[in-house]
Amino acid sequence: MKEEQVHRNRRVKQTADGSPTIEVPELGVCYHSIHGAVSESMHVFIENGLNRWKRNHAGNNNVRVFELGFGTGLNAALTWMWSNSNEVGVKYVGLEPHPLTLEELNVWAGSGLDEDLFQAVTSMAQPLTNGLNFESKNFTASCRNETWNDWKSDEEFDVCFMDAFAPEQQPELWTQAVFERLRSQTSLGGVLVTYCSKGTVRRAMEKAGWWVVRHPGPPGKREMLIAVNEPIETQNNRVYGLILNSAQTHILVAKERFPDGSVGLKFPGGGVEMGESLEESLWRECYEELGQTEGLKMLGHAYTNDFIVRSAFNKHQQIIASYFWLQSESDQLAWWDEKPEELKAEVSLLEMNWEPVESLRPQMMRFPIDRFVVAQLQDWRGIIQSTPNAG
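Sequence order as written defines residue numbering, which begins from 1 separately in each chain. With pLDDT at 70 or above as the cut-off, local features in this predicted model cover only qualifying residues; side-chain atom pairs require 80 or more to be listed or tallied, and sums for whole chains, interfaces and linings still use all residues. By convention in this description, side-chain values take in all heavy atoms of the structure and omit both hydrogens and water.

A. Highlighting the overall build of the chain. Going along the chain from the N terminus, every DSSP run of H or I of four or more residues is numbered as a helix, and every run of E of two or more is numbered as a strand. Secondary structure summary: the chain contains eight helices and 19 strands in total. Here the C-alpha coordinates of the chain stretch approximately 75 × 45 × 35 Å along the principal axes. Partly exposed residues are those whose accessible area sits between 20% and 50% of the maximum for their type, while under 20% is buried and over 50% is exposed, using a 1.4 Å probe and protein chains only. With 391 residues in all, the chain has 50% of them scored as buried. Taking contacts inside the chain between residues at least 6 apart in sequence as the whole, the part at least 24 apart equals 67%. The charged-residue count follows a simple rule in which Lys and Arg add positive charge and Asp and Glu add negative charge, with His and chain termini not counted at all. Lysine's charge is taken at NZ, arginine's at CZ, aspartate's at CG and glutamate's at CD. Within the chain, one finds 36 positive and 53 negative side-chain charges whose respective centroids are separated by 2 Å. Residues count as neighbours in contact if any of their non-hydrogen atoms are within 4.5 Å of one another.

Following this line, the structure appears as structure tokens:
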């Protein structure tokens with residue numbers, strides 16, 4: 001691979017599709033994918049960001065774009081070219097606290113970009129590196145040389161490009177708080193796209209209220225993430241039992257078939273019906289799923305989720321889930337290998353078994369709130385054991 005020195009701590013490096021990136025050896029990072037700088041930008045930000053927005057907003061000929069991690073301006077230049085070819089007006093704002101110099105940008109752009117893209121990058125570089133706006137027909141761009149925390153704008157955007165360095169290098173930019181602010185500044189139906197597909201990032205997005213889907217990634221990456229600011233229209237209140245055995249060493253876990261046909265683990269419980277209190281609903285659900293409630297003792301409230309969770313089966317529905325501690329006098333309460341007699345006509349419940357608390361892992365559970373609860377179980381169980389009637 002051809003390498004050319006740009007700055008004492010930055011250098012141009014060719015990527016697999018022939019287009020250049022900039023490497024920062026001291027940090028062990030590149031500004032773009034080594035599997036193809038332009039290929040990655042086209043796939044993640046243009047096709048799955050701008051083209052997705054355009055397909056879902058037919059007739060809207062103006063779009064506001066925000067990029068966290070402006071870098072070389074490659075995504076901005078590709079967006080300008082997209083604006084011209086689609087005749088869509090674009091207002092583009094990038095955030096880059098450590099901008100490249102004009103010299104660096106010219107060396108990078110001249111190291112493998114095709115002629116049209118080279119012209120787009122270098123035309124924008126002169127004003128943007130001097131703190132000015134770039135303006136042309138249907139397209140305006142600005143690059144704010146501020147950190148995320150210093151940037152105080154309340155502008156609203158339709159498409160967000162999340163193109164900061166990876167979470168390993170810039171963990172502070174991939175948090176739930178960052179995604180909450182981005183969502184608050186994104187129009188309803190707006191989209192956020194990123195090359196990153198880490199589970200921690202996806203969960204931070206979901207907790208911030210985004211509807212998140214995995215999508216095939218660019219060359220060299222199996223997946224990327226697409227997050228949509230879908231409106232929440234209804235709430236679904238649910239209640240679940242954290243049912244411990246008599247020694248409080250095991251907890252009852254149900255295996256169920258869900259409305260989408262998938263099978264997974266969850267805690268016993270379900271939806272709260274109109275006119276029911278949470279405890280009334282819990283006792284009803286326990287009777288329906290266990291076949292009895294005799295021998296169960298209520299220990300108290302354990303947790304109600306304090307982060308946004310959308311239903312796995314309805315993206316416009318928010319889940320509010322409350323969990324209660326219960327204890328069984330008998331360890332033989334529900335070793336079901338098949339449904340209790342009362343549920344023979346139903347198809348959802350497959351089996352229910354005791355699982356050791358110490359070996360239960362978050363990734364074993366189907367739903368995000370259950371996974372959060374499992375991660376806290378051992379600590380919470382210690383509180384219950386020391387104060388058995390605490391609620």
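B. Examining the side chain of Ser-41 more closely. Looking at the secondary structure, you find Ser-41 in helix 1 (residues 37–56). Residue class for Ser-41 comes out buried when judged on its relative accessible area of 1%. With near-sequence residues (within four places) excluded, Ser-41 lies in contact with Ile-46, Leu-74, Asn-75 and Leu-78.

C. Quick look at helix 2 (residues 74–86). By this rule, a helix spans an expected 1.5 Å times one less than how many residues it contains. Between its first and last C-alpha atoms helix 2 spans 18 Å; for 13 residues at 1.5 Å apiece the expected length is 18 Å, and the two agree. When we look at burial in helix 2, the residues that qualify are Leu-74, Asn-75, Ala-76, Ala-77, Leu-78, Thr-79, Trp-80, Trp-82 and Ser-83. The first or second residue beyond helix 2 is Glu-87, which carries a positive phi of 55°.

D. Here's a closer look at the pattern of salt bridges. In the sections that follow, a salt bridge refers to a side-chain nitrogen of Lys or Arg positioned within 4 Å of a carboxyl oxygen of Asp or Glu. Taken as a whole and judged by the stated rule, the model has 22 salt bridges. Close ionic contact of Arg-202 with Glu-206 constitutes a salt bridge, the shortest N to O distance being 3.5 Å. Here Arg-202 pairs with Glu-206, and both are found in helix 6 (residues 199–207), just four residues apart, close to one helical turn. A salt bridge links Glu-223 to Arg-222, with the shortest nitrogen-to-oxygen separation between them at 3.6 Å. Assessed through its relative accessible area of 18%, Glu-223 is described here as buried. With a relative accessible area of 68%, Arg-222 lands in the exposed category. Via salt bridges that share partners, Glu-273, Glu-276, Arg-284, Glu-285 and Glu-288 belong to a single interconnected network.

E. Up close: the nonpolar core. Counting 72 residues, the largest nonpolar core has Phe-66, Phe-179 and Leu-182 as its most contacted members. By residue number, the principal contributor to this core is helix 1, which donates seven residues. Every residue in contact with Phe-179, bar those within four places of it in the chain, is listed here: Met-162, Trp-174, Leu-192, Val-201, Ala-204, Met-205, Ala-208 and Trp-210. Residues belong to a common nonpolar core when they are buried Ala, Val, Leu, Ile, Met, Phe, Trp, Tyr or Cys residues joined through side-chain atoms within 4.5 Å.

F. Geometry of the packing of aromatic side chains. In this scheme Phe, Tyr and Trp rings, the latter by its six-membered ring, pair at centre separations within 6.5 Å, and the angle between planes marks the pair as stacked below 30 degrees, edge-to-face above 60, and tilted otherwise. Throughout the structure, instances matching the rule amount to 24 aromatic pairs. With centroids separated by 6.4 Å and ring planes inclined at 35°, the aromatic side chains of Trp-151 and Phe-157 adopt a geometry described as tilted. As far as the burial class goes, Trp-151 and Phe-157 line up, both buried. Their ring planes at 85° and their centres at 6.1 Å tell us that Phe-313 and Phe-367 sit as a pair that is edge-to-face. Placement of the pair is Phe-313 in the loop between strand 17 (296–304) and strand 18 (317–328) and Phe-367 in the loop between strand 19 (349–356) and helix 8 (368–386), with a sequence separation of 54 residues. Take Phe-367: its relative accessible area is 16%, and that puts it in the buried class. Taken together, the ring pairs connect Phe-45, Phe-70, Trp-80, Tyr-92, Phe-134, Phe-139 and Phe-161 into an aromatic cluster.

G. How the structure looks around unusual backbone geometry. Positive phi is not limited to glycine here, since Glu-87 has a value of about 55°. Structurally, the position occupied by Glu-87 is in the loop between helix 2 and strand 6 (89–95). Owing to a relative accessible area of 62%, Glu-87 belongs among the exposed residues under this scheme. Even without a glycine there, the phi angle at Gln-248 is positive, about 60°. Along the chain, the position of Gln-248 falls in the loop between strand 13 (234–244) and strand 14 (250–257).

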